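Chains, contacts and geometry: an overview
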Amino acid sequence: MGETIYAALLGLGTVGTGVYKVLKSQEAEMSKKIGSQIKIKKILVRNLEKAAAKVDDPGILTNDWKEILEDDEIRIVIELMGGMEPAKTYILEALHAGKHVATANKDLVAAEGRELFDTAQEKNCDFLFEAAVAGGIPIIRPLKQCLAGNHMTEVMGIVNGTTNFILTKMTQEGMEFSDALALATKLGYAEADPTADIEGLDAGRKVAILASVAFNSRVTFDDVHIEGITKITATDIRYAREMGCDIKLLGVARNTEQGVEAYVNPMLIPSTHPLASVNDSYNAVFVHGDAVEDAMFFGRGAGELPTASAVVGDIFDIARNLQAGASGRISCTCYKELPIKKMEDTENCYFLRLQAEDRYGVLAEMAGIFAKDKVSISQLVQKSANQGCAEIVIITALAREGDIQNAIRELEKCEAIREISSVLRVYDNAR
Ligand code: NAP
Ligand code: HSE
């Protein structure tokens, strides 16, 4: 049967319930699989009555954190409450008490990771967070272990299922953003307040964590430039497809000689790129290393059981380390202090859709502005002309963000330009 290792769950919401269920489903073979038996001794909840229906033995429920903290038999704390506080305090107190921690809390890891990792290291404890990025997809452990023999230069992906579902509906069914969001809400993909998803904040937290792990240098949420998908229209998507591209909310992190680039934005990506075929609420992370070259990880980025799958993987790892006397074996891997590149110094190709007066000289005027700002145009198409107004789509060559922003400011001042409808970055396969 092996040793019994007692654990406590903090939070019994979507993921907490999933972890409880997955541990139950593993009960019969767990000791053969990992050499010990994990037993949930306590579950911290806010409302005992509400939680009672979710567990076999309501006696394990408590709303007193101290009951868990002061129980020396509990060696693993599984934080699944979310948010900054009291999650941070409880995790730090647990680590100070010598308990090992697994969490899915991306908000906390992305913003306050350093203090949590330092404390775990100081106390020789495991602090694992596989579920914090891309739910059920293994990516933190692969980056820290299987791919450790690489210098990673790029990690990017579709790390938010809600927005990928919305963009998929806009692409495949021509829906406008608001209708696709309403459908995502109806089907339970989007939360009642979808801001964190549609404004790119959720993806930004995941990119901060991915970049830190991939490049061995701390990148925090504040370092990530973030743009959401609320301004994307069905027209942008249609034109992108006419140019052989899809629009995806991409989290991008690059390790360049000038520093780390980290941003989240809706981006045109060639339809031939593997990430372009990741649809609905699926997630995928694409990495590039000097030895492995390209590798992609695909799967469910959220949900009760997929996310619980990642958390339980962490719990099993902690249990194995406890058995081997090897806790804290793989702790914080951020041993560098790479600079963060300013967004204005990043380089991409750009897609611009604008409405201009339909008369001679306008294109020449626009071309003059781009030339002055050192932006080279690689494609220009007039899509339509209506009542003296022409819709023009421009794709630029690789350009510096700061130069593009200067050009946009100049275009905005230009009388012949009635509206700049969209400015989107284009992922360049060839770089
Ligand atoms: P959730 O459904 O809202 O569950 C959180 C639970 O924690 C709720 O039941 C809540 O109780 C409880 N809770 C909050 N504060 C508490 C406190 N002070 N004491 C006791 N219980 C408390 O959230 P979730 O979706 O499971 O997410 C949990 C974590 O996993 C978050 O960090 C989230 O970012 C992360 N995550 C979630 C997913 C996903 O697919 N859902 C995927 C990846 C990562 P009440 O019911 O009383 O509010
Ligand atoms: N809200 C997130 C998503 C899941 O839509 O992918 C939690 O990380």
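Residues numbered from 1 in each chain as written. Chains lettered and ligands numbered in written order. Predicted model: local features only at pLDDT ≥ 70, side-chain atom pairs only at ≥ 80, totals over all residues. Heavy atoms only, no water.

Concerning the domain arrangement of the protein
- Per the domain assignment, the segments making up the protein are domain 1 (3–135 + 304–324), domain 2 (147–299) and domain 3 (344–426).
- Placing the centre of domain 1 and that of domain 2 at their C-alpha centroids yields a distance of 28 Å.
- Contacts between the two partners involve 11 residues from domain 1, matched on the other side by 13 residues from domain 2.
- Here domain 1 meets domain 2 over a buried area of about 1,000 Å², counting both sides, of which 73% is carbon and sulfur.
- For domain 1, the biggest contributors to the area lost against domain 2 are Lys106, Ala110 and Val133; these three give 48% of the whole.
- Scanning the region where domain 1 abuts domain 2 turns up 2 salt bridges.
- Its salt-bridge partner being lysine 106, residue aspartate 202 comes within 3.5 Å of it at the nearest N-O pair.
- Seen at the junction of domain 1 and domain 2, the total is 2 residue pairs in polar contact (both at pLDDT 80 or more).
- Each residue belonging to the side of domain 1 that touches domain 2 can be placed in one class, and the counts come to 7 nonpolar, 1 polar and 3 charged. (Domains from an automatic or database assignment. Contact = heavy atoms within 4.5 Å. Buried area = accessible area lost by both parts, 1.4 Å probe. Salt bridge = Lys/Arg side-chain N within 4 Å of Asp/Glu carboxyl O. Polar contact = N/O pair within 3.5 Å; in protein donor to acceptor, adjacent residues only side chain to side chain. Nonpolar A, V, L, I, M, F, W, Y, C, P; charged D, E, K, R; others polar.)

Here's the deal with the packing of aromatic side chains
- Using the criterion set out here, one finds 6 aromatic pairs in the structure.
- A ring pair is formed by phenylalanine 165 and tyrosine 189, whose centres lie 4.5 Å apart and whose planes are at 35°; its orientation type is tilted. Within this pair, whereas phenylalanine 165 is found in helix H8 (residues 161–173), its partner tyrosine 189 is found in the loop between helix H9 (177–186) and helix H10 (195–198), the two being separated by 24 residues in sequence.
- Of the residues examined, phenylalanine 165 reaches a relative accessible area of 4% and is grouped as buried.
- Residue tyrosine 189 is classed as partly exposed on the basis of its relative accessible area, which comes to 36%. (Phe/Tyr/Trp six-rings, centres within 6.5 Å; stacked < 30°, edge-to-face > 60°. Helix = DSSP H or I, 4+ residues; strand = E, 2+ residues; numbered from the N terminus. Buried < 20%, exposed > 50% of the residue type's maximum accessible area, 1.4 Å probe, protein only.)

Some details on the site of ligand 1
- Residues in close proximity to ligand 1 total 20 residues, the closest being Val15, Arg46, Lys50, Lys106 and Gly303.
- One of the backbone N or O atoms of valine 15 is found 2.8 Å from an oxygen atom in ligand 1.
- Within the side chain of arginine 46, one N or O atom sits 2.8 Å away from an oxygen atom of ligand 1.
- Considered on its own, ligand 1 offers 890 Å² of accessible surface; in the complex 75% of this is hidden by protein. (Near = heavy atom within 4 Å. Areas by Shrake-Rupley, 256 points an atom, 1.4 Å probe, with all protein chains shown as cover.)

So, the pairing of strand E10 (residues 259–270)
- Counting buried positions along E10 gives 12 out of 12 residues, so the element sits mostly inside the fold.
- In this structure, the hairpin formed by strand E9 (residues 245–256) and E10 is closed by a connection of 2 residues.
- Across 2 bridges, E10 lies against strand E17 (residues 417–426) in parallel orientation. Counted as the bridge partner of methionine 267 is arginine 425 from E17. (Pairing = 2+ DSSP bridges.)

Describing the state of the cysteines
- Under the criterion given, the structure shown has 0 disulfides.
- You can see cysteine 146 has no disulfide; the closest cysteine sulfur is in cysteine 334, sitting 18 Å from it.
- Here cysteine 389 stays unpaired: no disulfide links it, and the sulfur of cysteine 414, its closest cysteine neighbor, is 13 Å away.
- Note on cysteine 389: relative accessible area 17%, which makes it buried. (Disulfide = S-S within 2.5 Å.)

A short note on helix H6 (residues 106–122)
- Along H6, the helix axis deviates most sharply at glutamate 112, where the bend reaches about 90°.
- Taken residue by residue, H6 has Lys106, Leu108, Val109, Ala110, Gly113, Leu116, Phe117, Thr119 and Ala120 as its buried positions.
- Taken together, the buried residues of H6 touch helix H5 (87–96), strand E5 (100–103), strand E6 (127–128) and helix H11 (201–215).
- One side-chain oxygen of the residue at the start of H6 lies 3.4 Å from the amide nitrogen of aspartate 107, identifying that residue as asparagine 105. (Bend = angle between axes of the 7 residues up to and from the residue.)

Quick word on the site of ligand 2
- Every residue lining ligand 2 is accounted for by Lys106, Asn160, Gly161, Thr162, Asp197, Asp202, Lys206 and Ala302.
- Side-chain polar atom of asparagine 160 to an oxygen atom of ligand 2: 3.5 Å apart, as the coordinates give it.
- With respect to ligand 2, the side chain of aspartate 202 contributes an N or O atom lying 3.4 Å from an oxygen atom.
- Isolated, ligand 2 exposes 260 Å² of accessible area, and the fraction of that covered by the protein chains is 82%.
- Within the residue set of the shell around ligand 2, elements represented by two or more residues are H8 and H11.
- Of the residues belonging to the shell around ligand 2, the class tally is 1 nonpolar, 3 polar and 4 charged.

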